[in-house]
Amino acid sequence: MADVKKLAEELTKLTVLEVNELKTILKEEYGIEPAAAAVAVAGPAADAGAAAADEKTEFTVTLKDAGSQKVAVIKAVKELTGLGLGEAKALVDNAPSPIKEKVSKDEAEAAKKALEDAGAAVELA
């Protein structure tokens, strides 16, 4: 039998694209409708865990616009991400771009402040 805890950990690490692919495989190859199963399983637990689910623990820092201080924003992106100058410039040039993903609230706010101080428009999600 599969290690259920390990399976659960792997499922929580899936990206949105991978979740959609999993949904398609379950539906087409096994005849399982994942949305219906999720509602049935989550129904009773949703009430008990509603307060805990309201507080978000992972954030994505998205650069919406570089503003007029593009060079300063590129430097800030380079420092925040550890990317090379060319890669940081590409992120800024292709805004809106995610700069940091799945980070804590404190790290997300610090990154947002650094980018805004450099002149960028930033969004936390």
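Conventions used here
- Residues numbered from 1 in each chain as written.
- Predicted model: local features only at pLDDT ≥ 70, side-chain atom pairs only at ≥ 80, totals over all residues.
- Heavy atoms only, no water.
- UniProt positions renumbered as here; feature names shortened; annotations may be inferred.
- Helix = DSSP H or I, 4+ residues; strand = E, 2+ residues; numbered from the N terminus.
- Expected span 1.5 Å × (residues − 1).
- Core = buried A, V, L, I, M, F, W, Y, C linked by side-chain atoms within 4.5 Å.
- Buried < 20%, exposed > 50% of the residue type's maximum accessible area, 1.4 Å probe, protein only.
- Contact = heavy atoms within 4.5 Å.
- Pairing = 2+ DSSP bridges.
- Axes fitted to C-alpha atoms, helices over the stretch in contact; angles between N-to-C directions.
- Patch = residues over 30% accessible without salt bridge, like charges linked within 9 Å, V, L, I, M, F, W, Y side chains within 5 Å.
- Areas by Shrake-Rupley, 256 points an atom, 1.4 Å probe, with all protein chains shown as cover.
- Salt bridge = Lys/Arg side-chain N within 4 Å of Asp/Glu carboxyl O.

In the annotation of an unreviewed UniProt entry, the chain is listed under the name Large ribosomal subunit protein bL12 and assigned to Candidatus Southlakia epibionticum. Looking at the chain in UniProt, the text filed under Function (unreviewed entry) is "Forms part of the ribosomal stalk which helps the ribosome interact with GTP-bound translation factors. Is thus essential for accurate translation." Recorded in UniProt for the chain, the comment headed Sequence similarities (unreviewed entry) runs: "Belongs to the bacterial ribosomal protein bL12 family."

1. Overview of helix α2 (residues 16-30)
The terminal C-alpha atoms of α2, which comprises 15 residues, lie 20 Å apart, in line with the 21 Å expected from a rise of 1.5 Å per residue. Taken from the residues just after α2, Gly31 is the one with a positive phi, measuring 70°.

2. Examining the nonpolar core
Among the nonpolar cores identified, the biggest contains 18 residues, and Val61, Leu63, Val73, Val77, Val92, Leu115 and Ala120 are the most heavily contacted of them. Contributing elements (two or more residues each) for this core: β1 (59-65), α5 (70-81), α6 (85-93), β2 (97-103) and α7 (105-117). The greatest single-element share of this core, amounting to four residues, is contributed by α5. Filtering out sequence-adjacent residues up to four positions away, Val73 remains in contact with Leu63, Ala66, Val92, Leu115, Ala118, Gly119 and Ala120.

3. Concerning the sheet that holds strand β3 (residues 121-124)
An order of β2-β1-β3 is seen for the three strands of this open sheet, with the pairing classed as antiparallel. Across the chains shown, the open sheet's two edge strands, defined by having one partner strand only, are β2 and β3. The sheet shows a mean angle of 20° between the axes of neighbouring strands, taken without regard to direction.

4. Let's talk about the environment of Ala76
Assignment of secondary structure puts Ala76 in helix α5. Each residue touching Ala76, except ones within four places of it in the same chain, is listed here: Ala114, Leu115 and Ala118.

5. Focus on a nonpolar patch on the surface
A contiguous nonpolar patch, built from Leu7, Leu11 and Leu22 and spanning about 250 Å² of accessible area, is present on the exposed surface. With respect to the helices and strands, Leu22 occurs in helix α2. Residue classification places Leu22 among the partly exposed residues on the basis of a relative accessible area of 31%.

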